[in-house]
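# Summary of structural features
Chain residues, written in single-letter form:
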Amino acid sequence: MRPVRSAIAALATAALSLPLIAAAPHSDAQPDRLRSAAPEGFFVGTAVAGGGHHLEQDYPDPFTHDKEYRRILGRQFNSVSPENQMKWEFIHPERDRYDFGAADAIVAFAEKHGQVVRGHTLLWHSQNPQWLEQGDFSKEELRGILREHITTVVGRYAGRIQQWDVANEIFDDQGRLRTQDNIWIRELGPGIVADAFRWAHEADPEAKLFLNDYNVESVNTKSNAYHALVQDLLKQGVPVHGFSAQAHLSTRYGFPGDLEANLRRFDALGLETAITELDVRMDVPEGGVPTEAQQRRQAEYYQRALSACLAVDGCDSFTIWGFTDKYSWVPVFFEGEGFANVMTDDFVRKPAFYALRDTLKAARKG
Ligand code: 9MR
């Protein structure tokens, strides 16, 4: 996407000066939606809450039980990413048993609501089932297990998944391949990454296949490692189509101002780019209610991340990691931080929501 930048900047500034609580008590009453504000061909998505940390909270499964949540999910977004429901521990709980229930329901919901789906994820060091991590498999068996998994899961949704995060978080922050904690790379060597892409491509030739990670928003050691890897994979003819930055940001740190430049250098290699898991956490203030300044700062981060993606031709997919604070992973993982999403627990829109909406609108006009 390449919008008229000055218009965006002007509108974004306007968005940031909007009154804090612009929503009526019934939060989603306004007809305007992110998905309709977005330029043609641009996908604005969210994670679909369920599994993972949600299982330890005192609420039922959000996607299947929270009507208001589902309503907003269907109205606001034209892309969805299962937050946990396609991860190994969820979808492949025993060696000879897959559990597609939750993933099937999300894909069906997406189709009903005219949404695309980002599949997440196939080769990762985390959220793998015990039977896999603790199993005593030969290298040959492990390779067979990965191949079968990819063929089965990608094959099941062939033609219905727009983008797959094939390899997730394969480098550490020093830009070293995770040769210890990633079972696949540890046991089968770095070449397994290329094989995962090949198998996924065989199973669904239409899906765009991505490398996805956090802390790769900037040009840094870790994103440099991806930049080198992509060139290497492309040279070998490996079907890698995209590079995505998760963008779990915090107002404790400055905004990664070189995000656009970083996306552009992957674009220059011929890859699609995407923002896949944006949220912007903040320190929980005394009294537990974010200040106006905190909300403005958060809105600015959301707006800048979106603008960076909109400014890069091949960045057509922009996903936030949930839309309501009610179901955020942040307070569970970061003590003293929270309020990372664009709506409150009660689905009241925050300045960050309006910043996204108005930035999309400006890009659509531009
Ligand atoms: O949001 C997910 C949460 O429900 C899980 O408990 C957690 C477990 O690792 O994973 C969260 O999602 C992660 C995503 O799959 C990959 N990038 C980082 C995300 C936040 O941890």
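Residues numbered from 1 in each chain as written. Predicted model: local features only at pLDDT ≥ 70, side-chain atom pairs only at ≥ 80, totals over all residues. Heavy atoms only, no water.

### Side note on the environment of glutamine 174
- Mapped onto the fold, glutamine 174 is located in the loop between β4 (163–168) and α9 (183–188).
- Since its relative accessible area comes to 48%, glutamine 174 is described here as partly exposed.
- Taking C-alpha positions, glutamine 174 is 8.9 Å from alanine 225, a pair spaced 51 residues apart along the chain.
- At 3.3 Å, the side chain of glutamine 174 and the side chain of arginine 176 are in polar contact. (Helix = DSSP H or I, 4+ residues; strand = E, 2+ residues; numbered from the N terminus. Buried < 20%, exposed > 50% of the residue type's maximum accessible area, 1.4 Å probe, protein only. Polar contact = N/O pair within 3.5 Å; in protein donor to acceptor, adjacent residues only side chain to side chain.)

### Some words on the site of the ligand
- Inspection of the region around the ligand gives 16 residues, with His53, Glu83, Lys87, His120 and Glu277 positioned closest.
- Here glutamine 127 contributes a side-chain N or O atom positioned 3.3 Å from an oxygen atom of the ligand.
- Glutamine 246 places a polar side-chain atom, nitrogen or oxygen, 3.0 Å from a nitrogen atom of the ligand.
- Surface burial for the ligand is 90%, taken as the share of its 450 Å² of free accessible area covered by protein chains.
- Along the lines of polarity and charge, the residues of the shell around the ligand split into 4 nonpolar, 8 polar and 4 charged. (Near = heavy atom within 4 Å. Areas by Shrake-Rupley, 256 points an atom, 1.4 Å probe, with all protein chains shown as cover. Nonpolar A, V, L, I, M, F, W, Y, C, P; charged D, E, K, R; others polar.)

### Remarks on helix α8 (residues 139–156)
- Relative to the 26 Å expected for 18 residues at 1.5 Å per residue, α8 spans 26 Å between its end C-alpha atoms, a close match to the ideal helical length.
- Residues of α8 that are buried: Leu142, Ile145, Leu146, His149, Ile150, Val153 and Val154. The buried side chains of α8 occupy one side of the element, clustering within an arc of 130° when seen end-on.
- Buried residues belonging to α8 abut α5 (88–91), β3 (116–123), α7 (130–133), β4, α9 and α10 (191–203). (Expected span 1.5 Å × (residues − 1). Arc of directions from axis to C-beta. Contact = heavy atoms within 4.5 Å.)

### Details of the environment of proline 351
- As for its position among the elements, proline 351 is in helix α15 (residues 351–365).
- The buried category is assigned to proline 351, whose relative accessible area is 5%.
- In this structure, the C-alpha to C-alpha distance between proline 351 and arginine 296, residues 55 residues apart in sequence, is 6.6 Å.

### Quick look at the state of the cysteines
- Applying the stated rule across the entire model yields 1 disulfide.
- Shown here is the disulfide that connects cysteine 309 with cysteine 315, its sulfur atoms set 2.1 Å apart. Taking the torsion about the S-S bond as the criterion, the cysteine 309 to cysteine 315 disulfide, at about -100°, is left-handed. Residues cysteine 309 and cysteine 315 agree in their burial class; the two are buried. (Disulfide = S-S within 2.5 Å.)

### A closer look at the pattern of salt bridges
- Applying the stated criterion to the full structure yields 25 salt bridges.
- Residue glutamate 202 pairs with arginine 147 through a salt bridge whose shortest N-O separation is 3.4 Å. Of the two residues, glutamate 202 is situated in helix α10 and arginine 147 in helix α8; the sequence distance between them amounts to 55 residues.
- Accessibility expressed as a relative area gives 55% for glutamate 202, which makes it exposed. (Salt bridge = Lys/Arg side-chain N within 4 Å of Asp/Glu carboxyl O.)

### Regarding the packing of helix α12 (residues 259–267) against helix α13 (residues 292–310)
- Closest axis-to-axis distance for the α12/α13 pair is 9 Å, and the angle between their directions is 30°. Between α12 and α13, the interaxial angle falls into the category roughly parallel. By crossing handedness, the relation of α12 to α13 is classed as right-handed. Together, Leu259, Glu260 and Leu263 of α12 and Ala305, Ala308 and Cys309 of α13 make up the contact between the two elements.
- Class assignment of the residues belonging to the contact of α12 with α13 gives a composition of 5 nonpolar, no polar and 1 charged. (Axes fitted to C-alpha atoms, helices over the stretch in contact; angles between N-to-C directions. Parallel < 35°, antiparallel > 145°, perpendicular 65-115°, else oblique. Left-handed = near helix turned anticlockwise from the far one by under 90°.)

### Observations concerning the packing of aromatic side chains
- Enumeration according to the criterion identifies 18 aromatic pairs in this entry.
- Their ring planes at 45° and their centres at 6.2 Å tell us that tryptophan 88 and tryptophan 131 sit as a pair that is tilted. Highlighted residues: tryptophan 88 in helix α5 and tryptophan 131 in helix α7, separated in sequence by 43 residues. When sorted by exposure, tryptophan 88 lands in the same class as tryptophan 131, which is buried.
- Ring geometry for tryptophan 131 versus phenylalanine 137: centroids 6.2 Å apart, planes at 85°, classification edge-to-face. (Phe/Tyr/Trp six-rings, centres within 6.5 Å; stacked < 30°, edge-to-face > 60°.)

### Considering the packing of α13 against α15
- Direction vectors running N to C along α13 and α15 enclose 30°, while the axes themselves pass 8 Å from each other. Overall, the two elements α13 and α15 adopt an arrangement that is roughly parallel. The chirality of how α13 crosses α15 is right-handed. Contacts between α13 and α15 involve Gln295, Gln298, Ala299, Tyr302, Gln303, Leu306, Ser307 and Leu310 from the first element and Pro351, Ala352, Ala355, Leu356, Thr359, Leu360 and Ala363 from the second.
- A class-by-class count of the residues in the contact of α13 with α15 yields 10 nonpolar, 5 polar and no charged.

### Side note on the nonpolar core
- The biggest cluster of nonpolar side chains holds 99 residues, and the ones touching the most others in it are Trp164, Ile170, Trp184, Leu211, Leu278, Phe318 and Phe323.
- Leave out the neighbours within four places in its chain, and tryptophan 164 touches Met86, Gly119, His120, Thr121, Leu122, Val153, Val154, Ala207, Lys208, Leu209 and Phe210.
- Grouped together as the second largest cluster of nonpolar side chains are 5 residues, Trp321, Trp329, Val330 and Ala340 included. (Core = buried A, V, L, I, M, F, W, Y, C linked by side-chain atoms within 4.5 Å.)

### Details of unusual backbone geometry
- Looking along the chain, the bond that leaves histidine 120 and enters threonine 121 is cis, with omega of 5°.
- Within the secondary structure layout, threonine 121 lies in strand β3.
- Non-glycine residue glutamine 127 carries a positive phi angle of around 50°.
- Along the chain, glutamine 127 falls in the loop between β3 and α7.
- You can call glutamine 127 buried: its relative accessible area is 18%.
- Even without a glycine there, the phi angle at phenylalanine 347 is positive, about 65°.
- Counting through the fold element by element, phenylalanine 347 comes out in the loop between β10 (337–338) and α15.

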